Amino acid sequence: SVSKSRAEVIARDQIGTLNSQLTQERQTSLGVTKYIWRTLRDERVRGRPGGKYPYARPSHWERDGREYEWAKPPSESPDDGHAGTPILCRCGSEPVLD
């Protein structure tokens, strides 16, 4: 009973979430404990001034370039998390190599 467009949104979201979880697993298994939040820096980034979603919270635009620990995911809202984990998040995580 799910429409085709809704099914596509769910599939896209789940692929992104899986990719984020695989990235986390790869990085932590190599001993990486921190990452830098990276956005696509386009008009669809949550919280981008003048973009499609300028008032979105949490703002992924503000997180771009900031460092986070894999052991402590961001938690400003119930659906928050590491880069790529929130619903339809297109962000990624660049490993911090010491």
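Position numbers for residues start from 1 in each chain and track the written sequence from start to end. With pLDDT at 70 or above as the cut-off, local features in this predicted model cover only qualifying residues; side-chain atom pairs require 80 or more to be listed or tallied, and sums for whole chains, interfaces and linings still use all residues. Side-chain numbers here rest on the full set of heavy atoms in the structure, without hydrogens or water.

## Brief notes about the overall build of the chain
For the purposes of this entry, the term helix denotes a DSSP run of H or I that reaches at least four residues, the term strand denotes a run of E that reaches at least two, and both are numbered from the N terminus. The secondary structure content of the chain amounts to two helices and three strands. If you list the helices and strands of the chain from N to C, you get α-β-α-β-β. For a compact globule of 98 residues, the expected C-alpha radius of gyration is about 13 Å, and the chain comes in at 14 Å, within 12% of that figure. By principal-axis analysis of the C-alpha atoms, the chain measures approximately 45 × 30 × 25 Å. Each residue gets one of three labels from its accessible area relative to the maximum for its type: buried under 20%, exposed over 50%, partly exposed in between, using a 1.4 Å probe on protein chains only. Going through the 98 residues of the chain one by one, you find that 35% of them count as buried. Two residues qualify as a contact provided that any one of their heavy atoms is within 4.5 Å of a heavy atom in the partner residue. Of the contacts made within the chain by residues no fewer than 6 positions apart, 59% connect residues no fewer than 24 positions apart. Approximately 6,500 Å² of the chain is accessible, and the part contributed by carbon and sulfur atoms is 52%. In the chain, 16 positive and 14 negative side-chain charges are present, and the distance between their average locations comes to 5 Å. The globule rule is 2.2 Å times the number of residues to the power 0.38, and the radius of gyration it is compared with is taken over C-alpha atoms. Surface exposure here means Shrake-Rupley accessible area, sampled with a 1.4 Å probe, where a residue is shielded only by the protein chains that are shown. The positive count covers Lys and Arg only, the negative count covers Asp and Glu only, and His and the chain ends enter neither. In this description, the location of a charge corresponds to atom NZ of lysine, CZ of arginine, CG of aspartate or CD of glutamate.

## Some remarks on the packing of aromatic side chains
What characterises a pair of aromatic rings is the spacing of the ring centres plus the angle enclosed by the ring planes. Stacked, tilted and edge-to-face pairs are distinguished by plane angle, under 30 degrees for stacked and over 60 for edge-to-face with tilted covering the rest, among Phe, Tyr and Trp rings (Trp via its six-membered ring) whose centres lie within 6.5 Å. For the coordinates displayed, the defined rule picks out three aromatic pairs. Consider the rings of Y35 and W70, whose centres lie 4.3 Å apart with planes at 35°: the pair is tilted. Of this pair, Y35 sits in strand β1 (residues 34-38) while W70 is found in the loop between β2 (67-69) and β3 (92-95), placing the two residues 35 residues apart along the sequence. The pair formed by Y35 and W70 is uniform in burial state, with each residue classed as buried. Aromatic ring contacts, followed pair by pair, group Y35, W37, Y68 and W70 into a single cluster. A cation sits over an aromatic face here: R63 above W37, 4.9 Å from the ring centre. A ring is scored as having a charge over it whenever the NZ atom of a lysine or the CZ atom of an arginine sits within 6 Å of its centre and within 35 degrees of its normal.

Remember, this is a structural readout, not a statement about activity or role.
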